Amino acid sequence: MIRVFCSFIGGSLFGLGLWISGMTDTTKVQGFLDVFGAWNPTLAFVMGGAMLPMAIAWRIVDRRKTAMLGLPFPPMPAPRFDRDLVVGSVLFGIGWALVGLCPGPALASVSFGGSGGLVFLIGMSAAIVASRYLMDPRSSQTKRT
Amino acid sequence: MEWLMGLSGGLMIGAAAAMFLLINGRIMGISGVFGGLLDGTGRENTAERGGFVIGLIALPALMVQWWPSHTHITGNWPILVLGGALVGLGTRMANGCTSGHGVCGMSRLSPRSILAMALSVGAGVACMAVMRHLLGVI
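Rules used in this analysis
- Residues numbered from 1 in each chain as written.
- Chains lettered and ligands numbered in written order.
- Predicted model: local features only at pLDDT ≥ 70, side-chain atom pairs only at ≥ 80, totals over all residues.
- Helix = DSSP H or I, 4+ residues; strand = E, 2+ residues; numbered from the N terminus.
- Buried ≥ 20, exposed ≤ 12 C-beta atoms within 10 Å, placed from the backbone.
- Contact = placed C-beta atoms within 7 Å.
- Core = buried A, V, L, I, M, F, W, Y, C linked by C-beta atoms within 7 Å.
- Domains from an automatic or database assignment.
- Nonpolar A, V, L, I, M, F, W, Y, C, P; charged D, E, K, R; others polar.
- Expected span 1.5 Å × (residues − 1).

**With respect to the overall build of chain A**
And step 1. A tally of helices and strands in chain A yields 7 helices and 0 strands.
And step 2. Ordered by position from the N terminus, the helices and strands of chain A form the series α-α-α-α-α-α-α.
And step 3. Across its three principal axes, chain A shows a C-alpha extent of roughly 45 × 35 × 30 Å.
And step 4. For chain A, the proportion of its 145 residues judged to be buried stands at 54%.

If you want it as structure tokens, here you go:
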């Protein structure tokens, strides 16, 4: 129960951060990718701000064996550049630019995105379910338990 | 001011990721947390994933009450469906999105995550150039 509660607090803080940072606004996200137009650097500040606490967190992970609730920390994935990583990242980038939503803001948009957000989320969810059948069976993703 | 709001919100997102890692022992990757709920790969910790997703939706739902929504999601349905499908498929294939690879992976200097984000941003910039400036579709 404590695990679910902490998870809920984490999700809430993430949602608040998305809102405050303006990453719920698709024009800011598309503006960051629009280097040949009216470039908007906000996303770089969001990413920089988010990496700071995480860089500290990874230092703490180095000195401990398990997380506070007992789970072992996730190991660093081997630096293997398989086909799925490359193709998937490119496909994600294209979809990200088309609408200006990535999975976090897309989910959060349920509460503010109207029908447009919902249509995007349905397309995204359908593709997530279908993706299991389209991926390289040797990839790390399909092997993960 | 936009940059300051971005930085402040970013710090909160990073704090959420740090909390999820240090307390729950998990990577805060939304495509993974949500994807595992949808395709059954996260069956053994459904409640933990669900709690995160509910918080992620509930907080903006609360914020919108006194801070009006300022999003500009397109009304072009074919673009929405195509964009959603590419994001869903791409992030599952790459095993991460802006939160998992970007916030969590890059801060760990994981080579896979750095490559993934470089490719996604590169593809996004190219897509913007073609679809907005060449074809005028978005």
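So much for the structure itself; the text now carries on.
**Considerations on the overall build of chain B**
And step 1. When its secondary structure is counted, chain B shows 6 helices and 0 strands.
And step 2. Summarising its shape, the C-alpha atoms of chain B cover approximately 45 × 40 × 30 Å along the three principal directions.
And step 3. Put simply, of all contacts in chain B between residues at least 6 apart along the chain, 44% involve residues at least 24 apart.

**Regarding the nonpolar core**
And step 1. Met54 of chain A together with Ile13, Ala16, Ala17 and Met28 of chain B are the most contacted members of the largest nonpolar core, which totals 81 residues.
And step 2. Ranked by residue count, the leading element in this core is helix α1 (residues 2-24) of chain B, at 12 residues.
And step 3. Inspection of this core shows a minimum of three residues originating in each of domain 1 (1-76) and domain 2 (78-145) of chain A.

**Some points on the interface of chain B and chain A**
And step 1. At the junction of the two partners, chain B supplies 99 residues and chain A supplies 106 residues.
And step 2. Among the elements of the structure, α1, α2 (30-39), α3 (46-63), α4 (77-93), α5 (98-106) and α6 (111-134) of chain B are those that each provide at least two residues to the side of chain B that touches chain A.
And step 3. Counting residues per element, the side of chain B that touches chain A draws most heavily on α1 of chain B, which supplies 22 residues.
And step 4. A per-class count over the side of chain B that touches chain A returns 60 nonpolar, 32 polar and 7 charged.

**Things to note about α6 of chain B**
And step 1. Between the first and last C-alpha of α6 of chain B there are 33 Å, a value that for 24 residues agrees with the 34 Å anticipated at 1.5 Å per step.
And step 2. All of the buried residues in α6 of chain B are Arg112, Ser113, Ala116, Met117, Leu119, Ser120, Val121, Ala123, Gly124, Cys127 and Met128 of chain B.
And step 3. In this structure, the buried side of α6 of chain B is in contact with α2 (26-33) and α4 (83-99) of chain A together with α5 of chain B.
And step 4. Phi for Gly136 of chain B, located one or two positions after α6 of chain B, is positive at around 65°.

Geometry only, nothing functional implied.
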